[in-house]
2 protein chains.
Amino acid sequence: MTNRYDSQKMNALVNKIYQAYGFSKENSQKIADALIYTDLHGITSHGVQRLALYDRFIQNGKIRIDSHPEIEKETDVSAVIDANFGSGQLNGMYSMGVAIEKAKAHGVGIVTTKRSGHYGIAGYYANLAAEQGLIGMSSCNSRPGMIPTNAKKAFIGTNPIAFAMPAKPHNFIFDAATTVVPQGKIEVYRKQEKDLPALWVAKEGNQPVYDHTDTATLDSLRDPEANVGIAPLGGITEETGGHKGYGLGIMVEVFTSILSLGNTSAEISASDVETGPCQSFIAIDPAIFGDSEKIIDKFSRYLEDLRQLTAVPGKEVYVHGDKEQLAYQDRKKNGIEIDDKTIMEIKAIADRLHVDTQPYFVS
Amino acid sequence: MTNRYDSQKMNALVNKIYQAYGFSKENSQKIADALIYTDLHGITSHGVQRLALYDRFIQNGKIRIDSHPEIEKETDVSAVIDANFGSGQLNGMYSMGVAIEKAKAHGVGIVTTKRSGHYGIAGYYANLAAEQGLIGMSSCNSRPGMIPTNAKKAFIGTNPIAFAMPAKPHNFIFDAATTVVPQGKIEVYRKQEKDLPALWVAKEGNQPVYDHTDTATLDSLRDPEANVGIAPLGGITEETGGHKGYGLGIMVEVFTSILSLGNTSAEISASDVETGPCQSFIAIDPAIFGDSEKIIDKFSRYLEDLRQLTAVPGKEVYVHGDKEQLAYQDRKKNGIEIDDKTIMEIKAIADRLHVDTQPYFVS
């Protein structure tokens with residue numbers, strides 16, 4: 001079952017939980033804002049649903065509470081940042097801030113960050129740049145999830161690409177795992193006790209898995225030794241374009257782990273606290289190409305033309321960011337959607353930290 | 001039927017044909033080199049197979065023989081180039097040259113080029129940067145080919161993303177349409193009289209087309225009014241990730257037609273010679289992030305780890321650029337593969353231009 005919860009109350013609860021871990025009030029607020037932003041925009045797989053994962057990482061020392069990102073090397077248009085295993089959300093906001101500063105001064109900023117933590121949705125960071133009139137991009141690697149074309153097991157992360165661009169009436173925000181789906185989406189289907197609706201997961205490289213009750217297989221998605229993984233965007237065969245998702249995953253690896261000399265997806269281990277994901281953050285000022293206003297106007301008209309295309313019966317043509325904008329208007333008014341299992345996980349974390357959940361669960 | 005032809009002889013023939021159109025000897029050589037490079041690397045859909053298309057464009061004035069690209073606006077890290085409807089190959093080489101120069105001087109170069117012509121494979125231009133130790137990227141838009149998710153007809157080009165990075169023993173070159181397949185691949189299947197092996201083409205937004213003899217439907221892939229198009233990478237449904245290919249197609253549109261204020265895919269018409277495709281060229285010097293040699297070594301080891309993964313029975317795990325490298329070694333020695341229909345098209349062009357094909361067709 002899924003219920004609705006007031007976003008401001010849930011924001012306050014997440015803040016309390018992070019303060020109970022030992023994060024400053026200001027940093028707890030930043031983390032709560034990023035997670036609740038995600039739920040408000042309807043991306044339930046990456047909002048408070050992720051608290052249980054972060055909790056495990058904070059407990060085993062993979063996310064370090066008193067850690068701060070440091071610039072290791074920089075030029076006018078680039079930086080390499082050592083995140084020192086701090087919270088992914090805090091590192092992400094800091095790193096995109098550096099990229100934005102460079103783009104404002106020199107037109108472009110490309111930042112690659114290593115030894116970081118899971119940072120939630122890549123689109124959140126891309127949009128930080130778009131909110132300031134810039135093009136924003138962000139990607140991250142993660143523990144292996146994607147099966148390279150023709151391989152038997154996962155080796156590359158779900159490695160998303162996010163791209164945000166200012167537009168009217170609201171920003172264009174594209175944010176997509178280079179696998180068919182991110183890990184979080186499979187978790188949501190399992191929590192909702194639904195079978196997987198397409199070839200998302202494969203055993204032995206090419207045997208489809210749909211059954212949500214196949215716990216042994218689906219649990220081993222996080223096991224680097226198991227011959228189980230998620231199909232690249234495009235599927236498990238070259239005929240359907242799977243080698244393209246695989247290639248995009250490698251491209252993300254270059255901007256995250258290769259340029260920073262950090263850990264590649266396959267080098268990240270859940271237990272080894274001296275390994276962690278890498279992220280990239282790019283900001284580009286459209287004004288280096290021409291009149292920003294004209295560029296944004298042309299783009300906005302283009303997106304509107306897409307929305308106006310004739311749709312197949314019963315469907316609508318949308319552009320990326322539209323659904324999230326509709327979800328935001330709904331959630332802001334009617335509350336964010338959280339399934340019961342996630343609520344139980346949050347309760348258990350709060351109880352352990354002696355945070356009273358009572359005031360926050362009335363929607 | 002497909003036969004083998006000596007690559008140097010075919011290069012000389014293409015050169016002669018372009019000189020017969022009126023291109024300079026030097027420019028004809030550049031165009032021949034780009035096309036034969038493509039065939040040598042086994043990408044038959046975009047090599048001399050494309051001569052018939054270019055011939056139509058040269059004849060109707062869409063590709064102008066005495067035209068040169070001009071820089072309209074530039075900064076240390078960016079340029080907007082007006083290609084003045086010159087040959088796409090020549091514009092592409094010039095524009096990537098500008099990006100490379102900026103990357104060598106300032107770390108990054110981002111170039112967007114408008115009013116260009118079809119430039120062949122995007123990977124060729126990305127690799128020009130990789131050949132000089134830089135990361136290279138290139139994209140282009142094109143007449144509508146991709147059906148946006150839930151729409152009934154095509155509106156976005158097949159908009160490829162190419163990414164090249166120096167590596168040992170050979171460069172990593174990723175080059176993929178953001179549709180399941182590029183237009184050229186469908187043309188090759190039709191010439192070989194083979195049915196389409198997966199859901200590449202759809203009518204009315206969601207009705208699959210496999211039959212290669214369905215001429216009426218497949219011919220209308222180039223008709224902007226027809227309700228026929230190619231599926232985005234990921235397929236025609238959101239469950240299989242089709243909205244991701246659609247979003248990547250829009251991202252390519254931003255870097256090509258939006259930032260340059262050129263023609264979007266839907267604004268390019270085959271008959272209106274005052275419209276043309278847009279392209280983007282990005283070069284990044286890895287040295288702005290750290291020791292280039294260490295970065296390239298780490299990347300090369302990573303690619304080798306991928307190649308060494310256990311494969312599903314009867315298959316091999318490769319990385320992007322490997323197959324093309326194998327094809328190159330084969331074609332260099334044994335000749336490039338050209339189907340009979342393409343040979344007939346080339347003969348007809350040569351005959352019209354009074355170029356004697358006799359010396360070139362002995363393999």
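Residues numbered from 1 in each chain as written. Chains lettered and ligands numbered in written order. Predicted model: local features only at pLDDT ≥ 70, side-chain atom pairs only at ≥ 80, totals over all residues. Heavy atoms only, no water.

What about the relation of the copies chain A and chain B?
Screw-axis analysis of chain A against chain B gives a translation of 0.0 Å along the axis, an RMSD of 0.0 Å, and a rotation angle of 180 degrees. The superposition operator between the copies reduces to a two-fold rotation axis. Closest approach to the rotation axis within chain A is made by the C-alpha atom of Gly234(A), at a distance of 2.2 Å. When the interface residues of chain A are mapped onto chain B, 100% of them again fall at the interface, so both copies present the same face. (Least-squares fit on C-alpha atoms with pLDDT ≥ 70 in both. Contact = heavy atoms within 4.5 Å.)

Section: the pattern of salt bridges
Using the criterion set out here, one finds 40 salt bridges over all chains in the structure. For Asp82(A), the salt bridge identified is with Arg115(A), shortest N-O distance 3.1 Å. In this pair, Asp82(A) is assigned in strand E3 (residues 78-82) and Arg115(A) in the loop between strand E4 (108-114) and helix H5 (122-130), connecting sequence segments 33 residues apart. You can call Asp82(A) buried: its relative accessible area is 12%. Using a relative accessible area of 24% as the deciding quantity, one classes Arg115(A) as partly exposed. Residue Arg222(B) pairs with Glu187(B) through a salt bridge whose shortest N-O separation is 3.0 Å. With Arg222(B) in the loop between helix H7 (215-219) and strand E10 (228-230) and Glu187(B) in helix H6 (residues 183-191), this residue pair connects regions lying 35 residues apart in the sequence. A relative accessible area of 30% places Arg222(B) in the partly exposed class. The network of salt bridges with common partners includes Arg4(A), Asp330(A), Arg331(A) and Glu337(A). (Salt bridge = Lys/Arg side-chain N within 4 Å of Asp/Glu carboxyl O. Helix = DSSP H or I, 4+ residues; strand = E, 2+ residues; numbered from the N terminus. Buried < 20%, exposed > 50% of the residue type's maximum accessible area, 1.4 Å probe, protein only.)

Quick look at the sheet that holds strand E7 (residues 172-176) of chain A
Pairing in this open sheet of seven strands is mixed, and the strands run E2-E3-E4-E11-E5-E6-E7 (chain A) from one edge to the other. Each edge of the sheet is formed by a strand with only one pairing partner; in this case those strands are strand E2 (70-75) and E7 of chain A. Taking each pair of neighbouring strands and ignoring which way they run, the sheet shows an average axis angle of 10 degrees. Looking at chain direction, E3(A) and E4(A) are connected through five bridges and run parallel. Following the sheet pairing, Ser78(A) is matched in E4(A) by Ile110(A). Running at roughly 130 degrees to E7(A), helix H8 (residues 242-258) of chain B makes contact with strand E5 (135-140), strand E6 (161-165), E7 and strand E11 (279-284) of chain A of the sheet. (Pairing = 2+ DSSP bridges. Axes fitted to C-alpha atoms, helices over the stretch in contact; angles between N-to-C directions.)

Regarding empty space enclosed by the protein
Under the defined criterion, the tally for this structure stands at seven cavities of 30 Å³ or more. For the largest cavity, the calculated volume is near 360 Å³. If you go around the largest cavity, you meet 24 residues; those closest to its centre are Met137(A), Ile282(A), Met137(B), Phe255(B) and Ile282(B). Only E4, E5, helix H8 (242-258) and E11 of chain A together with strand E4 (108-114), strand E5 (135-140), H8 and strand E11 (279-284) of chain B provide two or more residues apiece to the lining of the largest cavity. Split by residue class, the lining of the largest cavity holds 18 nonpolar, six polar and no charged. (1 Å grid on protein atoms, 1.4 Å probe; cavity = no way out; pocket = protein on both sides within 12 Å on 5 of 7 lines; lining within 4 Å. Points joined across faces, edges and corners; volume = space filled by probe spheres on them. Nonpolar A, V, L, I, M, F, W, Y, C, P; charged D, E, K, R; others polar.)

Topic: the domain arrangement of chain A
Residue and element names in this part refer to chain A. Segmenting chain A into domains produces domain 1 (1-59 + 320-362) and domain 2 (60-287). Here the C-alpha centre of domain 2 lies 21 Å away from the C-alpha centre of domain 1. Counting from both sides, the interface comprises 31 residues of domain 1 and, opposite them, 33 residues of domain 2. On the domain 1 side of the interface with domain 2, the three residues burying the most area are Tyr-37, Phe-57 and His-320, jointly 24% of the side's total. Run the count over domain 1 and domain 2 and you get two salt bridges. Residue Lys-191 is joined to Glu-345 by a salt bridge in which the shortest nitrogen-to-oxygen separation is 3.3 Å. At the junction of domain 1 and domain 2, the tally comes to 19 residue pairs in polar contact (both at pLDDT 80 or more). Elements with a minimum of two residues in the side of domain 1 that touches domain 2: helix H2 (25-40), helix H3 (51-60), helix H10 (322-334) and helix H11 (340-352). The element contributing the most residues to the side of domain 1 that touches domain 2 is H2, with seven residues. (Domains from an automatic or database assignment. Buried area = accessible area lost by both parts, 1.4 Å probe. Polar contact = N/O pair within 3.5 Å; in protein donor to acceptor, adjacent residues only side chain to side chain.)

A short note on the environment of Ala151(A)
When you line up the elements, Ala151(A) lands in the loop between E5 and E6. Taking the C-alpha atoms as reference, Ala151(A) lies 43 Å from Leu353(A); in sequence the two are 202 residues apart. Setting aside chain neighbours within four positions, we find Ala151(A) in contact with Gly205(A), Leu309(B), Thr310(B), Ala311(B), Val312(B) and Val317(B).

So, the interface of chain A and chain B
Taken together, the 82 residues of chain A in the interface contact 82 residues of chain B. Both sides together, the interface formed by chain A and chain B hides about 7,000 Å², and carbon and sulfur atoms give 75% of it. Counting the surface chain A buries against chain B, the share from its top three residues, Lys244(A), Phe289(A) and Tyr302(A), is 11%. A salt bridge links Glu238(B) to Lys323(A); its shortest N-O distance comes to 2.8 Å. Counting the contacts that link chain A with chain B gives 28 residue pairs in polar contact (both at pLDDT 80 or more). Taken together, the elements giving at least two residues each to the side of chain A that touches chain B come down to E2, E3, E4, E5, E6, E7, H8 and helix H9 (292-307) of chain A. Element by element, the count of residues in the side of chain A that touches chain B is highest for H8(A), at twelve residues. Of the residues contributing to the side of chain A that touches chain B, the split by class is 48 nonpolar, 20 polar and 14 charged.

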